[in-house]
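Residues per chain, in single letters:
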Amino acid sequence: MSVITYLHVALTTRLAELRKDGERGDSPVPTAVIIFGLVAVAMAVTAAALTAANDWMTNIPKHQDPK
């Protein structure tokens, strides 16, 4: 039972210290949202470049033997 009591006291003390310190910086949620947005934009740009490259390659005329 002493281990559970120790963990409870340690957790309670740490939570009290965290509550006392009001300024803890920015939340990680906005950073994750920004990263997700950047990844989405990068994927869209890559897809657009791939589509443009595929269209350009299909518009190249086929080789014809000279007569």
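Residues numbered from 1 in each chain as written. Predicted model: local features only at pLDDT ≥ 70, side-chain atom pairs only at ≥ 80, totals over all residues. Heavy atoms only, no water.

Chemist: Got a sec to walk through the overall build of the protein? Specific residues and values, please.
Modeler: Check the secondary structure of the protein and you find 2 helices and 0 strands. For the protein, the C-alpha radius of gyration of 29 Å lies well beyond 11 Å, the compact-globule estimate for 67 residues. Its C-alpha atoms give the protein principal-axis dimensions of roughly 95 × 30 × 10 Å. Positive and negative side-chain charges of the protein, numbering 6 and 6 respectively, have mean locations separated by a distance of 5 Å. (Helix = DSSP H or I, 4+ residues; strand = E, 2+ residues; numbered from the N terminus. Rg over C-alpha atoms; globule rule 2.2 N^0.38 Å. Lys, Arg positive; Asp, Glu negative; His and termini not counted. Charge placed at Lys NZ, Arg CZ, Asp CG, Glu CD.)

Chemist: Could you give an account of a nonpolar patch on the surface, with specific residues and numbers?
Modeler: On the surface, a nonpolar cluster with roughly 360 Å² of combined accessible area is contributed by Val3, Tyr6 and Leu7. Locating Val3 in the fold gives a position in helix H1 (residues 2–20). In this structure Val3 comes out as exposed when scored by relative accessible area, which is 56%. (Patch = residues over 30% accessible without salt bridge, like charges linked within 9 Å, V, L, I, M, F, W, Y side chains within 5 Å. Areas by Shrake-Rupley, 256 points an atom, 1.4 Å probe, with all protein chains shown as cover. Salt bridge = Lys/Arg side-chain N within 4 Å of Asp/Glu carboxyl O. Buried < 20%, exposed > 50% of the residue type's maximum accessible area, 1.4 Å probe, protein only.)

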